[in-house]
Amino acid sequence: MNCSFCGSDIRSKLGFDTIFKTKEKFQLCAECREHLDINVLEVGEYTLYYFSDYEFVKDDIYSIKYFGDVACALKFKNLFKQFLSLNKFDLITIVPANEIREIIRGFDHIEQLCRICDINFEKILGCEYREKQAKLHKERRENKYYILPTVSKMEKVGSLLIIDDIFTSGNTLLGCAKTIRELYPKINISFLTLSKVI
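The model shown is predicted, which means the values in this text are computed figures rather than measured ones.

Rules and cut-offs
- Residues numbered from 1 in each chain as written.
- Predicted model: local features only at pLDDT ≥ 70, side-chain atom pairs only at ≥ 80, totals over all residues.
- Heavy atoms only, no water.
- Core = buried A, V, L, I, M, F, W, Y, C linked by side-chain atoms within 4.5 Å.
- Buried < 20%, exposed > 50% of the residue type's maximum accessible area, 1.4 Å probe, protein only.
- Helix = DSSP H or I, 4+ residues; strand = E, 2+ residues; numbered from the N terminus.
- Contact = heavy atoms within 4.5 Å.
- Phe/Tyr/Trp six-rings, centres within 6.5 Å; stacked < 30°, edge-to-face > 60°.
- Pairing = 2+ DSSP bridges.
- Axes fitted to C-alpha atoms, helices over the stretch in contact; angles between N-to-C directions.
- Salt bridge = Lys/Arg side-chain N within 4 Å of Asp/Glu carboxyl O.

The next thing to look at is the nonpolar core. In terms of nonpolar packing, the biggest core is built from 33 residues, with F5, F51, F76, F80, L113, I163 and L192 touching the most fellow members. Per element, the largest residue contribution to this core is four residues, and it comes from helix 7 (residues 109-116). If near-sequence neighbours (up to four positions away) are discounted, F51 is found in contact with H35, L36, D37, I38, N39, F76, L79, F80, F83, L192, T193 and L194. Listed in part, the 25 residues of the second largest apolar core include L125, I187, I189 and F191.

This is how it looks when you write it as structure tokens:
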């Protein structure tokens, strides 16, 4: 059996307790099990789910974000599948990339990640130009988002999940949630990120 995240071989000792045990489809090696889980944290009135501490997956995120690395993105597919088997949402969306950065890179890394991992999502948000989060660290200005004009009414949406790669200060996700709540105050919003800076 291989680890569902890193792919390394998992060997278990043969014994009465393992010989008749049904094989789980989602298994992690010892190192991945130490760092990966479906972690839950309350962020104000919202629920944040995240898979790992940033340090453990930072190289994977970097490769996905700047090089569109499909192999690194595929590593998260089983985690997403496990998460969505345990949690149901009426609508899943993503944090929008700003248009300038998307043109420079040639792709939206969160959109690409979700497509590769077979996540059914709808883009509902757009974003005005902003400096990179790393440059905003000291200033922590609020990001400006807007609902895309192509989005149909969302009155029947009771629960919404917003996906992003990293949770640092929360400004990005909270800015997205604020924009949605201004038009749809009754929607229950949750966040899911690959990692959280600890």
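This part covers the packing of aromatic side chains. In this structure the tally under the stated criterion is nine aromatic pairs. Their ring planes at 80° and their centres at 6.4 Å tell us that F51 and F83 sit as a pair that is edge-to-face. Taken together, the residues F51 in strand 2 (residues 46-53) and F83 in helix 5 (residues 77-86) connect sequence positions 32 residues apart. Accessibility assignment for this pair places F51 and F83 in one class, buried. For the ring pair Y62 and Y66, a centre distance of 4.8 Å and an interplane angle of 45° mean the geometry is tilted. Of the two residues, Y62 and Y66 are both situated in helix 3 (residues 54-67); the distance of four residues between them amounts to about one turn of the helix. Exposure remark for Y62: the relative accessible area of 47% places this residue in the partly exposed category. Ring pairs connect the aromatic residues Y49, F51, F80, F83 and F89, which therefore count as one cluster.

Now for the sheet that holds strand 7 (residues 188-196). Spatially, the five strands line up as an open sheet ordered 1-2-7-6-3, and their pairing is mixed. Since the sheet does not close on itself, it has two edges, and those belong to strand 1 (36-43) and strand 3 (91-94), each with one partner. Neighbour-to-neighbour, the strand axes of this sheet turn through a mean angle of 25°, independent of strand direction. As judged from the four bridges shared by strand 3 and strand 6 (residues 159-167), these two strands associate in the parallel manner. Residue pairing across strands places L91 opposite L160, the latter belonging to strand 6. Across the face of the sheet, helix 3 comes into contact with strand 1, strand 2, strand 6 and strand 7 while running at roughly 90° to strand 2.

Here we come to the pattern of salt bridges. Counted according to the given criterion, the structure contains seven salt bridges. For K58, the salt bridge goes to E55, with nearest N and O atoms at 3.0 Å. With K58 and E55 both in helix 3 and three residues apart, the pair spans about one turn of that helix. A salt bridge links D60 to K75, with the shortest nitrogen-to-oxygen separation between them at 3.2 Å. Of this pair, D60 sits in helix 3 while K75 sits in the loop between helix 4 (70-74) and helix 5; the two residues are 15 residues apart in sequence, bridging distant segments of the chain. Judged by relative accessible area, which is 10%, D60 ranks as buried. For K75, a relative accessible area of 23% gives the class partly exposed.

Everything listed here is a matter of coordinates, which is why it stays silent on function.
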